[in-house]
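Commentary on secondary and tertiary structure
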Amino acid sequence: AQSVAQPEDQVNVAEGNPLTVKCTYSVSGNPYLFWYVQYPNRGLQFLLKYITGDNLVKGSYGFEAEFNKSQTSFHLKKPSALVSDSALYFCAVRGGTASKLTFGTGTRLQVTL
Amino acid sequence: GAGVSQTPSNKVTEKGKYVELRCDPISGHTALYWYRQSLGQGPEFLIYFQGTGAADDSGLPNDRFFAVRPEGSVSTLKIQRTERGDSAVYLCASSLLRQGRGTEAFFGQGTRLTVV
């Protein structure tokens, strides 16, 4: 079975400060990891993914994520947060022979002036 | 179309009624997923199609839920004898999974189902 944990229900950060949204995973075999963002009354939008190779992957809107195999983590980061980044963020994993994506419970990011 | 399209965007139905939710995936995408998202929760997997066949229906909660994709494109999620606990946002996604398991899925805007 595959699973994702997002330990923080909400992350608060001031605009201009760096942000981190945490994600850990459990999977059999090689993990394929994804971050999605959800704005109010909108569907999920793909941000970035890790398949293989460099542990630091870059995605849309200046976001990046760091894969750490030993800690089974895939934390989402951004060097300088914007108020417009405020949204719900979901980490997801697909592993082994599975075709489905398994999502975490989400982390609400609140960026304030 | 340019993205995954789901209709209707909102559906209110009475307890015990039958509902159908439609998903039109991105053209050419062979893989199609249905998820359910309850308030404050992450998307919960329901069923996955590769082409016309349901390759994984392990997430369907019970036999009141059924999904079809007869021509390998549009899919319909069918819920019989709806219950208030079925109220949620139903999300559809598609992808070119044949490119590998690292392929991302693209989601529609969802159908908000309310059972009263």
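Above this text you will find the structure in question.
Residues numbered from 1 in each chain as written. Chains lettered and ligands numbered in written order. Predicted model: local features only at pLDDT ≥ 70, side-chain atom pairs only at ≥ 80, totals over all residues. Heavy atoms only, no water.

Residue-level contacts link 22 residues of chain A with 22 residues of chain B. Taking both partners together, chain A and chain B bury about 1800 Å²; carbon and sulfur atoms supply 52% of that area. The interface formed by chain A and chain B contains seven residue pairs in polar contact (both at pLDDT 80 or more). Only strand 5 (31-38), strand 6 (44-50) and strand 10 (87-95) of chain A provide two or more residues apiece to the side of chain A that touches chain B. Here the side of chain A that touches chain B gets four residues from one element, more than from any other, and that element is strand 5 of chain A. In terms of residue class, the side of chain A that touches chain B is made up of 10 nonpolar, eight polar and four charged. (Contact = heavy atoms within 4.5 Å. Buried area = accessible area lost by both parts, 1.4 Å probe. Polar contact = N/O pair within 3.5 Å; in protein donor to acceptor, adjacent residues only side chain to side chain. Helix = DSSP H or I, 4+ residues; strand = E, 2+ residues; numbered from the N terminus. Nonpolar A, V, L, I, M, F, W, Y, C, P; charged D, E, K, R; others polar.)

Moving on, we come to the state of the cysteines. Applying the stated criterion across every chain yields a total of two disulfides over all chains. Shown here is the disulfide that connects C23(A) with C91(A), its sulfur atoms set 2.0 Å apart. Taking the torsion about the S-S bond as the criterion, the C23(A) to C91(A) disulfide, at about -60 degrees, is left-handed. Of this pair, C23(A) sits in the loop between strand 3 (19-21) and strand 4 (24-26) while C91(A) is found in strand 10, placing the two residues 68 residues apart along the sequence. C91(A) carries the same exposure label as C23(A), and that label is buried. The residue that forms a disulfide with C23(B) is C92(B), at a sulfur-sulfur distance of 1.8 Å. Disulfide C23(B) to C92(B): torsion about the S-S bond roughly -70 degrees, handedness left-handed. Separated by 69 residues along the polypeptide, C23(B) in strand 3 (residues 19-24) and C92(B) in strand 9 (residues 88-95) bring together distant segments of the chain. (Disulfide = S-S within 2.5 Å. Buried < 20%, exposed > 50% of the residue type's maximum accessible area, 1.4 Å probe, protein only.)

Let us now look at the pairing of strand 3 of chain B. Residues and elements named next belong to chain B. Of the two faces of strand 3, only the one carrying V19, L21 and C23 is buried; E20, R22 and D24 on the other face are not. Across five bridges, the pairing between strand 3 and strand 8 (residues 75-79) is antiparallel. Residue pairing in the sheet places V19 in a bridge with I79 of strand 8. (Pairing = 2+ DSSP bridges.)

What follows deals with the nonpolar core. Counting residues in hydrophobic clusters, the biggest one holds 27 residues, and the most contacted among them are W35(A), L47(A), L48(A), F74(A), L76(A) and Y89(A). A per-element tally of this core places strand 10 of chain A first, with four residues. Aside from chain neighbours lying at most four places away, what touches L47(A) is W35(A), Y36(A), V37(A), G59(A), S60(A), Y61(A), F63(A), L76(A) and Y89(A). If you look at the next biggest cluster of nonpolar residues, it comprises 20 residues, including C23(B), L46(B), I79(B) and V115(B). (Core = buried A, V, L, I, M, F, W, Y, C linked by side-chain atoms within 4.5 Å.)

The subject of this paragraph is the sheet that holds strand 1 (residues 5-7) of chain B. All names here are of chain B. If you walk across this open sheet you meet the four strands as 1-3-8-7, and the pairing is antiparallel. Looking at strand neighbours, the two that pair on one side only are strand 1 and strand 7 (65-68), the edges of this open sheet. Across this sheet, the average inter-strand angle for adjacent strands is 15 degrees, counted without regard to direction. (Axes fitted to C-alpha atoms, helices over the stretch in contact; angles between N-to-C directions.)

Residue and element names in this part refer to chain B. Across all of its chains, the model carries eight salt bridges over all chains by this definition. Where R22 meets D24, a salt bridge forms, and the shortest distance between an N and an O atom there is 3.9 Å. The exposure class of D24 is partly exposed, given its relative accessible area of 28%. Sharing partners across several salt bridges, the network here consists of R64, E83 and D86. (Salt bridge = Lys/Arg side-chain N within 4 Å of Asp/Glu carboxyl O.)

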